[in-house]
Amino acid sequence: MKPVITEQQMRDAEQRVFDAEPDVDLMGRAARAVAKLAERLAPSGPVLVAVGPGNNGGDGLFAAAQLADHRPVSVWLAMGKGHAAGLAAARGAGCHIVDAVGAASALADAALVIDAVTGLGSRPGLPTTTATFVEACEAAAVPVLSVDLPSGLDADSGKLHPSFTATHTITFAALKACHVQEPAATRCGEVHVVDIGVPVPTSEVYQAEEADVARWWPTPDATSDKYSRGVVMLDTGSEHYQGAALLSVAGALNSGAGMVRYTGRVHSGLLLGRFPSVVIGEGRAQAMVLGSGWGDTDGAEGRVANARLHGLPAVVDADALYSLPSGRLDGWLLTPHAGEMSRMLGCSRAHVENQPLTCAREVARLTGAAVLLKGATQYVAEPSGRVTIAVPGPSWTAQAGSGDVLAGICGTLLAAGLPAWQAGVVGASIQAMAAARHPGPYPPDALAARLPEVIAEITAAGS
């Protein structure tokens, strides 16, 4: 997993390096990394570097000086001034200093724009002149390499502000929130994390990687049987939402459940016609899934209470989320989307969307359960406060029924013995990975059918 740190944590980490080594040249190291990546992204042709007055601009200016050794480089002081030493180095290396008009004109021939206007601690948004230049960059379709973050974004948030849209972003030591939280993350393009000798501080937020999913995936061996692989019991669907039962079963079976038991209210003939391996009725199980597709029916509290009496780990989705029993729900995984979480907390949906980590942590703290907050970025919060962000995927999965499939996947993983937080991260990640490998408008049941090949691929690569 990759740590995700705040702007202040990065500043503090840099200060500790300066305190230990007063003469260390972190800016020089950063500039060399920027220049090296720029050379790889655009091996030839003119480069246009847009810089601001701070240290981020200094990184850009020293990188410009290095690039000017063997190619044309233009520098635009976007705010009228720049880092003094960096500007002297750029001038000395022969960089051509341009104004806003010159910068816009230089786009016609530029092979790459380096955006070093604002850095981690800057106020979000852009001045009008810079925003106009961003529009010109987009119109010219020139690749953009942003330093630290696309200028205009807030390092500690996934919120959108007027900003550059980067093709690539280079950042140092560790990821920041804007690199991994949507919708800002899309503005960052491909993110490159470079070590410049700043030790990564301890974090409470992490980004899962495909290698983590492969390593954590529960694979059978020669000693396995259907019970050791995990039996998951599903109470999902209703007369009005019969598809939820089919979708949750599809998620459970296609992610490798040893056995699926169905105890919900959808007619057994419908289920067995699609999934003949399903066993109808209660029995021995290692985990439960409940709530998907219940609808606003009576008896939800009793059904959730009955699930708790089994003493099993449980995935709680949709309508069951509003009937949670009192006391700590250790071993349970709650899977709300933003609207459901807002109802659970008694706040607005906008508040959840603006403060996803805070809200997910609060529900985890209140319930003692792990919480998977579903959405464009998927967060798994633990009662301890740690948050793990699932592997991202394409937006095609924003479809009715995807959450039902996901609940079944997570139920399989709980039954196989993964702790609740890990089941949430791995379940959300594998669904995203399947969508990324099969882009397009696949409906949730068709995408669920693709899970076995993706699981086979990643577990074979990791063995």
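Residues numbered from 1 in each chain as written. Predicted model: local features only at pLDDT ≥ 70, side-chain atom pairs only at ≥ 80, totals over all residues. Heavy atoms only, no water.

Asker: Requested: an account of the overall build of the chain, with residues and values cited.
Answerer: Scanning the chain for helices and strands turns up 20 helices and 19 strands. Seen along its three principal axes, the alpha-carbon backbone of the chain occupies a region of about 80 × 45 × 40 Å. When the 463 residues of the chain are sorted by exposure, 54% land in the buried category. A separation threshold of at least 6 residues defines the contact pool for the chain, and within that pool the share at least 24 residues apart is 69%. Roughly 18,900 Å² of accessible area belongs to the chain as shown, and the carbon and sulfur atoms make up 51% of that amount. (Helix = DSSP H or I, 4+ residues; strand = E, 2+ residues; numbered from the N terminus. Buried < 20%, exposed > 50% of the residue type's maximum accessible area, 1.4 Å probe, protein only. Contact = heavy atoms within 4.5 Å. Areas by Shrake-Rupley, 256 points an atom, 1.4 Å probe, with all protein chains shown as cover.)

Asker: Explain the sheet that holds strand E10 (residues 205-207) residue by residue, including any values.
Answerer: The strand order E8-E1-E10-E19-E18-E17-E16-E15-E14-E11-E12-E13 describes an open sheet built from 12 strands, whose pairing is mixed. Both outer strands of the open sheet, strand E8 (175-176) and strand E13 (279-280), are each paired with one neighbouring strand and no more. In the sheet, strand E14 (residues 287-290) pairs with strand E15 (residues 314-316) via 3 bridges, with the strands oriented parallel. Its bridge partner being in E15, leucine 290 is matched across the sheet by valine 316. Docked against the sheet, helix H11 (residues 242-254) engages strand E11 (231-235) and strand E12 (259-262), running at close to 160° with respect to E12. (Pairing = 2+ DSSP bridges. Axes fitted to C-alpha atoms, helices over the stretch in contact; angles between N-to-C directions.)

Asker: Which residues make up the nonpolar core, and what values do they have?
Answerer: Of all hydrophobic cores here, the largest spans 54 residues; its most connected members are Val213, Val232, Val260 and Ile430. Top element by residues in this core is helix H18 (residues 420-437). It accounts for 10 residues. Setting aside residues up to four positions removed in sequence, isoleucine 430 forms contacts with Val213, Trp217, Ile409, Leu451, Val454, Ile455 and Ile458. If you look at the next biggest cluster of nonpolar residues, it comprises 46 residues, including Ile5, Leu120, Leu153 and Ile196. (Core = buried A, V, L, I, M, F, W, Y, C linked by side-chain atoms within 4.5 Å.)

Asker: Explain the side chain of serine 163 to me, using residue names and the numbers behind them.
Answerer: In this fold, serine 163 is placed in the loop between strand E6 (144-147) and strand E7 (168-172). Given the relative accessible area of 7%, serine 163 is considered buried. Here the side chain of serine 163 touches arginine 187 through a polar contact of 2.7 Å, side chain to side chain. When sequence neighbours within four positions are dropped, the list of residues in contact with serine 163 reads Leu126, Val134, Pro150, Ser151, Gly152, Leu153 and Arg187. (Polar contact = N/O pair within 3.5 Å; in protein donor to acceptor, adjacent residues only side chain to side chain.)

Asker: So what's going on with helix H17 (residues 402-415)? Residues and values would help.
Answerer: End to end, H17 covers 20 Å across 14 residues, agreeing with the expected 20 Å (1.5 Å per residue, within 8%). With 13 of 14 residues buried, H17 is to be regarded as a mostly interior element. A positive backbone phi angle near 110° is found at glycine 417, which sits one or two residues after H17. (Expected span 1.5 Å × (residues − 1).)

Asker: Give a description of the pairing of strand E5 (residues 112-116) that names residues and reports values.
Answerer: Counting buried positions over the 5 residues of E5 gives 5, a clear majority of the element. As paired elements, strand E2 (residues 47-51) and E5 share 5 bridges and run parallel to each other. Considered in E5, the bridge of valine 49 is made with isoleucine 114. Strand direction decides the pairing type here: E5 and E6, joined by 3 bridges, are parallel. Counted as the bridge partner of valine 113 is valine 144 from E6. Viewed along the sheet, the connection from E5 through helix H6 (residues 128-140) into E6 turns out right-handed. (Right-handed = clockwise from strand over helix to strand, strands pointing away.)

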